[in-house]
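Coordinate analysis (summary)
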Amino acid sequence: MPALPAPSGAAHRRDRRTAGNSLVSILSQLRDGHNRRPKGHPFPASVVLCGLRDLRDYKVASGGEPDRSNPASPFNIVAESLRLGDFTTDEIAELYGRHTQATGQEFTKDAVDRVFELTQGQPWLVNALAHEITFKMGVTGTITAGQVEEAKERLIRARATHLDALAARLHEPRVKRVIEPIVAGTVPSMDDTIDDDVSYVHDLGLIPDTRRLEIANPIYREVLLRVLGARTERLVMAHPHSFVLPDGRFDLPRLLEEFVVFWREHGEVLIQQEGYHEAACQIILMAFLHRLVNGGGQLDREYAAGTKRLDVLVRWPYTGPDGERLMQREAMELKVWRAKADDPTSEGLAQLDRYLDRLTLLTGVLVVFDRRPEAPPWKERGAFERAATPSGRQVTVLRV
């Protein structure tokens, strides 16, 4: 079977069907070669096609929406479809243990646990983190959880091939129909196409299964929001170091004040430009936080379809007065007040209360974005209030 050149990126952007035409040509050659085998022509007994997309769902017909799937297998060529399952913590330890046997270099239990937390066992990520640490970072001693964290950041910043391939699909209409309500915390569409869309996004590995509409692992959650928030990040002019207090802690109240100024100046335009319109508020605030926190701290995010919120935890390491290493933690809850809906503040305070209880924190921040047509003018938004949660915690409420 002669090799076919892959279409260039430019050609793919000019004609989204180019990749489909190449695949159809390859499948035609496979079938032709198979049919001629009885006549004495040598040909493989079986062929494995490996990629992000199930061949059975590939649309061959040229008409209709280019991103819609066709359940019929092209040329009836598929015998079996397999998906590599996610590793358990024990399987990650066993895999890394083989590296230890071969080289003598060990992974601490905390490092293995952190790999599982970050990847949820996604096979490519499990291997990529270990490769980044041992080869790219050149770590020679025992591998720790801190080095796993550094490797995660390096992978995301480098937009490694696998991560870049997933990020490139975020603006496909069928991917957006699933991912946007996850980020926004809203209920996804219930039309006839949603099951097919969910199955497709699951095959890409972006969600853990077809029942839970949430992002598959923390690394994907971070990559997704960084990609979607790239336009916003470029507009953030404040310097991250200006938010570090004299004692080394992070000045979250000042960051929120700066965000109000940023929101009044750029929010309306950014919302109009954001492709993920329903999730625009969450994406913009996450991009602002990432630009100013990730220089010395970390952001943990939790979000899923139907939750009506996005949970955020800022983690900022600093040195205490006696030289001890400490970790500042600041929790935030994001809510959106949408048209024809009730004020979400009470619900948000209850959700923030549960989040703070889980984190064993005494206080936090509730941010309420007002997306109603009758909302106050942009220049008048940005009020800070003090409020009590159902359990009596005193928290800050920011209305923008």
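Residues numbered from 1 in each chain as written. Predicted model: local features only at pLDDT ≥ 70, side-chain atom pairs only at ≥ 80, totals over all residues. Heavy atoms only, no water.

1. Topic: the overall build of the protein chain
What counts is decided by this rule: The helix and strand labels rest on DSSP assignments: H or I over at least four residues marks a helix, E over at least two residues marks a strand, and numbering proceeds from the N terminus. Note on classification: 1.4 Å probe, protein chains only; a residue is buried when its accessible area is under 20% of the maximum for its type, exposed when over 50%, partly exposed between these limits. The contact definition used throughout considers only heavy atoms, calling two residues in contact when any of these lie within 4.5 Å. Each accessible area value is a Shrake-Rupley result obtained with a 1.4 Å probe; residue values ignore everything except the protein chains displayed when judging cover.
On a plain count of helices and strands, the protein chain comes out with 14 helices and 6 strands. For the protein chain, the proportion of its 400 residues judged to be buried stands at 47%. Put simply, of all contacts in the protein chain between residues at least 6 apart along the chain, 62% involve residues at least 24 apart. By element, 51% of the accessible surface of the protein chain is carried by carbon and sulfur atoms, the whole surface being about 20700 Å².

2. Considering the pattern of salt bridges
A side chain with one charge can pair with a side chain of the opposite charge if their charged atoms come near. How we decide: When a carboxyl oxygen of Asp or Glu lies within 4 Å of a side-chain nitrogen of Lys or Arg, that pair is called a salt bridge.
Considering all chains together, one arrives at 33 salt bridges under this definition. Glu-153 is paired through a salt bridge with Lys-152; the nearest N and O atoms lie 3.1 Å apart. Residue classification places Glu-153 among the buried positions, given a relative accessible area of 12%. You can call Lys-152 buried: its relative accessible area is 3%. A salt bridge links Arg-393 to Asp-353; the shortest N-O distance between them is 2.6 Å. Of the two residues, Arg-393 is situated in the loop between strand E5 (383-388) and strand E6 (394-399) and Asp-353 in helix H14 (residues 345-359); the sequence distance between them amounts to 40 residues. Note on Asp-353: relative accessible area 8%, which makes it buried. Through salt bridges with shared partners, a single network forms among Arg-114, Glu-117, Glu-149, Lys-152, Glu-153, Arg-157, Glu-222, Arg-226 and Arg-301.

3. Section: the packing of helix H6 (residues 145-158) against helix H10 (residues 218-228)
Formally: Every axis in this analysis is a line fitted to C-alpha atoms, fitted for helices over the stretch in contact. Angles between the N-to-C directions lie between 0 and 180 degrees. Each helix crossing is assigned a hand: it is left-handed if the near helix lies turned anticlockwise from the far helix by less than a right angle, otherwise right-handed if that turn is clockwise. Classification convention: Asp, Glu, Lys, Arg as charged; Ala, Val, Leu, Ile, Met, Phe, Trp, Tyr, Cys, Pro as nonpolar; all other residues, Gly among them, as polar.
Contact pair H6 / H10: the axes reach a minimum separation of 11 Å and the direction vectors enclose 35°. For the pair H6 and H10, the sense of crossing is right-handed. Of H10, the residues touching H6 (which contributes Lys-152, Glu-153, Ile-156 and Arg-157) are Ile-219, Glu-222, Val-223 and Arg-226. Classifying every residue of the contact of H6 with H10 by side-chain character gives 3 nonpolar, no polar and 5 charged.

4. Points about the sheet that holds strand E1 (residues 298-302)
Our working rule: Any two strands between which DSSP finds at least two bridges are classified as paired.
Spatially, the 6 strands line up as an open sheet ordered E1-E2-E3-E4-E6-E5, and their pairing is mixed. At either end of the open sheet lies a strand with only one pairing partner, and these are E1 and E5. Strand after strand, the sheet turns through a mean of 25° between neighbouring axes, direction not considered. Here strand E3 (residues 325-337) runs beside strand E4 (residues 365-370); their pairing, made up of 6 bridges, is parallel. Following the sheet pairing, Val-336 is matched in E4 by Phe-369.

5. Looking at the confidence of the model for the protein chain
Cut-off, in case you're wondering: pLDDT measures the predictor's confidence residue by residue and takes values from 0 up to 100.
Predicted confidence across the protein chain gives a mean pLDDT of 86, with 86% of residues reaching 70 or more. The low-confidence segment residues 1-16 (pLDDT under 50) makes 16 contacts with residues lying over four places distant or belonging to another chain. Counted against residues more than four places away or in other chains, residues 60-72, with its pLDDT under 50, gives 28 contacts.

6. A few points about the packing of aromatic side chains
As a reminder, the rule being used: Two rings from Phe, Tyr or Trp (for Trp, the six-membered ring) form a pair when their centres are within 6.5 Å of each other. A pair whose planes differ by under 30 degrees is stacked, one over 60 is edge-to-face, and the rest are tilted. Remark: a charge is flagged as sitting over a ring if the NZ atom of Lys or the CZ atom of Arg is within 6 Å of the ring centre and within 35 degrees of the ring normal.
Counting across every chain of the model gives 9 aromatic pairs. Between Phe-243 and Phe-250, the ring centres sit 6.1 Å apart and the planes meet at 25°, which makes this aromatic pair stacked. Each member of the pair, Phe-243 as well as Phe-250, is classed as buried. Centroid distance Phe-259 to Trp-263: 5.7 Å. Interplanar angle 35°. Geometry classified as tilted. Of this pair, Phe-259 and Trp-263 both sit in helix H12 (residues 252-273), 4 residues apart, which is roughly one turn of that helix. The same class applies to Phe-259 and to Trp-263, which are both buried. Here the aromatic residues Phe-259, Phe-262, Trp-263, Phe-288, Phe-369 and Trp-378 are joined through ring pairs into a cluster of three or more. The residue whose ring lies beneath Arg-372 is Trp-337, and the NZ or CZ to ring-centre distance is 3.7 Å.

7. Description of the pairing of E6
Direction of pairing for E4 relative to E6: parallel, over a ladder of 4 bridges. Bridging across to E6, Val-368 finds its partner in Arg-399. Bridge count between E5 and E6: 6 bridges; the pairing is antiparallel. From the neighbouring strand, Phe-384 faces E6, where its bridge partner is Leu-398. Between E5 and E6, which follow one another and run antiparallel, lie 5 residues, and Gly-392 among them has a positive phi close to 100°.

8. Digging into unusual backbone geometry
The backbone of Gln-120 shows a phi angle near 55°, a positive value even though the residue is not glycine. Relative to the assigned elements, Gln-120 resides in the loop between helix H4 (109-119) and helix H5 (123-136). The backbone phi angle of Lys-308 is positive, close to 60°, even though this residue is not glycine. Checked against the element boundaries, Lys-308 lands in the loop between E1 and strand E2 (310-319). Judged by its relative accessible area of 51%, Lys-308 is exposed.

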